[in-house]
Amino acid sequence: MSSKYAFQVSQHEHFYKYPEEYYVTPFRIFANLYFVGNKDVGSYLFDTEEGLILIDTTYPTSRAQMIQSIWEAGFNPRNIRYILHTHGHFDHFGTTKFLQSLSGAKTFLGEEDANMFHTRPELALIEDSRYSYLDLFEPDVLLKDGDVIQLGSTKIRAVSTPGHTLGVFSYFVELTEGDKTHLAGLYGGIGLNTLCGDSIAKFGTEHWRDFYLASLKKVRKEPVDIVLGNHTAQSHTLEKYEQMKKEPTGPNPFIDPMEWTQFLDHTEARYFHMLAEEQAGTDQI
């Protein structure tokens with residue numbers, strides 16, 4: 001029996017064939033933070049006084065969309081200086097090498113996932129990408145827990161949160177607009193597809209589970225009031241964007257001091273539900 005938590009390639013094949021159908025008009029979330037991702041994967045752009053910072057580059061088939069999004073947001077892709085990654089899966093670094101060749105940007109990846117590229121490249125899930133020419137990249141900077149990446153006045157704090165992969169990093173950044181300051185938080189990887197029975201049987205990565213709950217606990221006290229998702233469904237990105245368009249002068253739907261705790265609670269509950277199903281014999285391990 002196949003786990004319902006497993007990575008289902010068939011669900012994504014339509015995206016690989018028709019990425020243009022998943023385009024999202026880029027928009028400003030708050031202050032100097034912009035969404036430049038697509039309907040599935042989040043990608044975030046910071047406009048600093050010294051150039052652009054990009055977090056995650058989405059699917060390899062989305063490179064044209066990514067370029068269009070950055071231009072449409074009002075920026076030149078050649079001005080990207082840093083490219084940060086939440087973790088080493090193809091749907092988060094698929095356009096990295098292309099953007100790096102265009103801009104000369106410095107790339108950042110968690111040290112454990114950089115090692116994974118060398119020792120267990122299959123764990124980057126490239127075989128699921130349905131893209132023949134995708135290569136792994138060699139990061140310029142290997143992130144360690146607590147690193148601070150700064151460009152201009154924008155400082156992004158990198159926190160190691162292993163589980164989804166061993167090299168997952170979450171990012172926290174203070175954003176100021178006028179007299180208002182908010183803390184944006186991007187949890188780097190909550191997916192259960194790499195922790196379910198099917199994946200463990202295939203890759204032998206059961207020990208990844210040892211880190212998952214500890215990582216959620218590690219960031220629980222962060223005073224986040226702007227929750228970002230590295231997949232749009234995780235933080236209801238598209239719904240918030242629709243609300244923002246519908247009520248452009250209303251409260252910013254991305255600002256919610258309660259959402260971070262709710263997000264972590266929901267993530268933890270899903271994990272325990274998966275374990276319970278396995279114990280009951282309704283899932284495989």
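To be clear, the structure that these remarks concern was listed above.
Let us look at the structure shown here. (Residues numbered from 1 in each chain as written. Predicted model: local features only at pLDDT ≥ 70, side-chain atom pairs only at ≥ 80, totals over all residues. Heavy atoms only, no water.)

Description of the overall build of the protein chain
What counts is decided by this rule: Labels follow the DSSP assignment, with helices taken as runs of H or I lasting at least four residues and strands as runs of E lasting at least two, numbered in each case from the N terminus. For the radius of gyration, the atoms used are the C-alpha atoms, and the globule rule reads 2.2 Å times the number of residues raised to 0.38. Relative accessibility thresholds used throughout: buried, under 20% of the residue-type maximum; exposed, over 50%; partly exposed, between the two (1.4 Å probe, protein chains only). For this analysis, residues touch if any pair of their heavy atoms sits within 4.5 Å. For accessible areas, the Shrake-Rupley method is used with a probe of radius 1.4 Å. Any residue's cover is judged against the shown protein chains and nothing else. Counted charges follow a simple rule, with Lys and Arg positive, Asp and Glu negative, and His plus the chain ends left uncounted. Charge positions are represented by NZ for Lys, CZ for Arg, CG for Asp and CD for Glu.
Assigned secondary structure in the protein chain consists of nine helices and 12 strands. In summary, the protein chain has a C-alpha radius of gyration of 18 Å against a globular reference of 19 Å for 285 residues, a match within 12%. Referenced to the eigenvectors of the C-alpha coordinate spread, the extents of the protein chain come out at roughly 55 × 40 × 35 Å. A total of 285 residues make up the protein chain; the buried ones form 56% of that total. For the protein chain, restricting intrachain contacts to residue pairs at least 6 apart in sequence, the fraction spanning at least 24 positions comes to 68%. A total accessible area of about 12700 Å² is found for the protein chain, and carbon and sulfur atoms account for 50% of it. Of note, the protein chain has its 25 positive side-chain charges centred 2 Å away from the centre of its 39 negative side-chain charges.

Observations regarding the nonpolar core
Just so we agree on the cut-off: Take the buried Ala, Val, Leu, Ile, Met, Phe, Trp, Tyr and Cys residues and link them wherever side-chain atoms come within 4.5 Å; each set so joined is a nonpolar core.
Membership of the largest hydrophobic core comes to 35 residues, with the highest contact counts inside it found for Tyr187 and Trp260. Among the elements of the structure, α1 (13-17), α3 (90-93), α5 (111-119), β11 (180-187), α7 (209-218) and α9 (259-279) are those that each provide at least two residues to this core. Look past the residues within four positions of Trp260 in its chain and what remains in contact with it is Phe172, Gly185, Tyr187, Val219, Arg220, Glu222, Val224 and Val227. If you look at the next biggest cluster of nonpolar residues, it comprises 30 residues, including Phe35, Leu143, Ala158 and Phe254.

A closer look at unusual backbone geometry
The residue Ala31 is not glycine, and still its phi comes out positive at about 55°. If you trace the backbone, Ala31 turns up in the loop between β1 (27-30) and β2 (33-35). Residue classification places Ala31 among the buried positions, given a relative accessible area of 13%. One non-glycine residue, His236, adopts positive backbone phi at about 55°. On the basis of relative accessibility, which here comes to 44%, the residue His236 falls in the partly exposed class.

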